[in-house]
Amino acid sequence: MQFENTLALQVAEHFAKHPQVEAVALGGSHSAGVADAGSDIDVYVFTRSDIDTATRASIIAALGGASRANIGMTFWGPGDEWFHAPSGIEIDATYFDATWLEGQLERVILQHQPSLGYTTCFWRTVKQAQPLYDRGGWFAAMQQLSQAAYPEALRHNIIQFNHPVLRNVIPAYLHQIEKAVQRQDVVSVNHRVAALLASYFDILFALNRVLHPGEKRLLAYAQTECAMLPANLPIDVTALLASAASGQPGTIACANALLDHLDVLLEQEHVDVRGGL
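The shown structure was predicted, so the numbers you read here are calculated from the model rather than taken from an experiment. Here the residue index of a chain counts from 1 through its sequence in written order. Local features in this predicted model are restricted to residues of pLDDT 70 or higher, and side-chain atom pairs are both shown and tallied only at a pLDDT of 80 or more, whereas totals for entire chains, interfaces and linings draw on every residue. Note that the side-chain values use all heavy atoms of the structure and ignore hydrogens as well as water.

Asks: It is not clear to me how the packing of helix α9 (residues 173–182) against helix α13 (residues 250–268) should be interpreted in this structure. Could you clarify?
Replies: When two helices pack together, their arrangement is given by the angle between the helix axes and by the axis-to-axis distance. Contact geometry of α9 with α13 gives a least axis separation of 9 Å together with a crossing angle of 165°. Relative to α13, α9 is oriented roughly antiparallel. Here α9 runs over α13; the crossing is right-handed. Of the residues in α13, those in contact with Leu174, Ile177, Glu178 and Val181 of α9 are Thr251, Ile252, Ala255 and Asn256. To define axes, lines are fitted to C-alpha atoms, for helices over the stretch in contact only, and angles between the resulting N-to-C directions are given on a 0 to 180 degree scale. A run of H or I in DSSP counts as a helix once it spans at least four residues, and a run of E counts as a strand once it spans at least two, with each numbered from the N terminus. Each angle receives one of four descriptions, namely roughly parallel if under 35 degrees, roughly antiparallel if over 145, roughly perpendicular if within 65 to 115, and oblique otherwise. In this scheme the crossing of two helices becomes right-handed for a clockwise turn of the near helix relative to the far one and left-handed for an anticlockwise turn of less than a right angle. Note on contacts: a residue pair is in contact if any heavy atoms of the two residues lie within 4.5 Å.

What follows is the structure, encoded as C-alpha cells:
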C-alpha cells in the first residue's frame, strides 16, 4: 500500500496550497490498516470555507487526471470521487467544515449527547485518521481531544437513548417491522431492520466503550474489539438479515432472539435500561 500512501500525500500537498484548507488527513480502511484490493483512498479535507468545483477539478488534473470523475457531489455531504488516470486507483475526497466537525466532537466527548445509531463515528474518524497536512495545528488539537477516555455519562446516554426504540416504545423499530411484515412490504422491512441494527450496534459498542467504526465490517469489529458480546451474535444477525430479505414472518422471531440476547448481556453487566423510557 506504499503507492497509495504516497498518492494520498500528493493529494494533500495540492489541497494545502489553498488557504481555505485547514488540514488534510488519510482516513478509511487505509488509516485503519484494513485496506484490501477493493479499497479506495479516503482523503478528508477540513476547510474554513468552500473550495469551488473548478479548483477541485484543477487539483485532480494536476494529479494526473481522471479516467472518470464525479466532482461536486452532495449526496452524502460535499465530496469528489475519481479514478486516478495513471494508476486506476479510486480516490474519495470528503470535505468537512472544520468548525462543524469540532462541534461534533465536543457534543459527544464533552457534552455526552447521543444519537440514534453511529454516535461516536466522527470521534473514531478523527482519532484514527493519519494527518497529511495541518496548517496551524488545529487537527493536532482535534486528535488530542479524541484521545479522551470514553465518558461514562456518554456510555449511559447512548444505551438509554437507543434501547427504547428497539422494541419498547409504541413506534419502536420492531413494531414497525411487524406492520411491514403483515403488509408484505419487503422494502419497509429491510429499511426498519437496518435502523434497528444501527441502534443495536450503537448500544453494543457503547457498552464496551468502543468507538463506533461506521457502516462496514460491524460484525468483524464487534468480535475483534468488544470483550462483552451477546450470545449467538453472528448467527442472530445473519438469520435476521436473511429472513428480512424476503419479508418472512420469522423476521420477528429472529429480531426478538437478537434483542433478547442483548438484554441478557445488559442485565449481566448491571445496566438498567428502564430509565430510557
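Asks: Would you explain the environment of Asn5 in this entry?
Replies: Topologically, Asn5 is positioned in helix α1 (residues 2–15). For Asn5 and Leu26, which are 21 residues apart along the polypeptide, the C-alpha to C-alpha distance reads 8.3 Å.

Asks: Sorry, what's going on with the nonpolar core here?
Replies: The tendency in soluble globular proteins is for nonpolar side chains to be buried side by side. Only buried residues count toward a nonpolar core. Its members are Ala, Val, Leu, Ile, Met, Phe, Trp, Tyr and Cys residues joined through side-chain atoms within 4.5 Å. Relative accessibility under 20% of the residue-type maximum defines a buried residue, over 50% an exposed one, and the middle range a partly exposed one, all with a 1.4 Å probe and only protein chains included. Counting 61 residues, the largest nonpolar core has Phe46, Leu196, Tyr200 and Phe201 as the members making the most contacts within it. Considering each element in turn, this core owes the most residues, twelve residues, to helix α10 (residues 186–207). With residues near it in sequence (within four places) discarded, Phe46 still touches Gln20, Val21, Glu22, Ala23, Val24, Ala25, Phe96, Leu101, Trp138 and Phe139. Within the second largest apolar cluster, 20 residues are counted, among which are Leu7, Val24, Val45 and Ile89.

Asks: How should I be thinking about the pattern of salt bridges in this particular structure?
Replies: Where charged atoms from two side chains of opposite charge approach closely, those side chains can pair. Note on definitions: salt bridges are taken to be side-chain nitrogens of Lys or Arg within 4 Å of carboxyl oxygens of Asp or Glu. Taken as a whole, this structure holds seven salt bridges when the rule is applied. The salt bridge partner of Asp80 is Arg56, with a shortest N-O separation of 2.8 Å. With Asp80 in strand β4 (residues 79–84) and Arg56 in helix α3 (residues 53–62), this pair connects stretches of sequence that are 24 residues apart. Of the two residues, Asp80 and Arg56, neither departs from the other in class, the shared state being buried. Across the pair Arg155 and Glu152 runs a salt bridge, and its minimum N-O distance is 3.5 Å. Here Glu152 and Arg155 lie together in helix α7 (residues 152–162), a separation of three residues that amounts to about one turn. According to the relative accessible area criterion, Arg155 is buried, its value standing at 12%. On the basis of relative accessible area, Glu152 is assigned to the partly exposed category, the value being 42%. The network of salt bridges with common partners includes Glu152, Arg155 and Arg209.

Asks: Help me out: how do you make sense of the packing of helix α12 (residues 233–245) against α13 in this one?
Replies: Relative orientation of the contacting elements α12 and α13 amounts to 155°, with a least axis distance of 8 Å. In terms of orientation, α12 and α13 fall into the roughly antiparallel class. Between α12 and α13 lies a crossing of left-handed hand. Residues Leu233, Asp236, Val237, Ala239, Leu240, Ser243 and Ala244 of α12 lie in contact with α13, whose contacting residues are Gly250, Thr251, Cys254, Ala255, Ala257, Leu258 and His261. When grouped by side-chain class, the residues that make up the contact of α12 with α13 number nine nonpolar, four polar and one charged. Amino acid classes used here: Ala, Val, Leu, Ile, Met, Phe, Trp, Tyr, Cys and Pro are nonpolar; Asp, Glu, Lys and Arg are charged; the rest, including Gly, are polar.

Asks: Sorry if this is basic, but what is going on with the packing of aromatic side chains here?
Replies: Geometrically, a pair of aromatic rings is defined through the distance of the ring centres and the angle of the planes. Centre distance within 6.5 Å is the pairing criterion for rings of Phe, Tyr and Trp, where only the six-membered ring of Trp is used; planes under 30 degrees apart are then read as stacked, over 60 as edge-to-face, and the remainder as tilted. On inspection of all chains with the given rule, the structure shows twelve aromatic pairs. Centre to centre, the rings of Tyr44 and Phe96 are 5.6 Å apart; their planes meet at 80°, and the pair counts as edge-to-face. Here Phe96 lies in strand β5 (residues 90–97) and Tyr44 lies in strand β2 (residues 41–47), a separation of 52 residues in the sequence. With respect to burial, Tyr44 and Phe96 carry one shared label: buried. Connected via pairs of aromatic rings, a cluster forms that spans Tyr44, Phe46, Phe96, Trp100, Phe122, Trp138 and Phe139.

Asks: Would you take a moment to explain the pairing of strand β3 (residues 66–73) for this structure?
Replies: Consecutive side chains of a regular strand alternate in pointing toward one face of the sheet and then the other. One ladder, built from five bridges, connects β3 with β4; its direction is antiparallel. Among the inter-strand pairings, Met73 is bridged to a residue of β4, identified as Gly79. Hairpin remark: β3 followed by β4, antiparallel, with five residues in the connecting loop; positive phi at Gly77, about 100°. Strands are labelled as partners when DSSP assigns at least two bridges between them.

Asks: I keep staring at the sheet that holds β3 and nothing clicks. Help me out?
Replies: By definition, the strands of a sheet pair up through backbone hydrogen bonds, in either a parallel or an antiparallel sense. Strand order in this open sheet of six strands is β3-β4-β5-β2-β1-β6, and the pairing throughout is mixed. Strands at the two margins of the open sheet, each flanked by one partner only, are β3 and β6 (130–134). The average undirected angle you get between the axes of adjacent strands in this sheet is 15°. Most of the contacts of α3 go to β3, to which it runs at about 155°, and overall it touches β3, β4 and β5.

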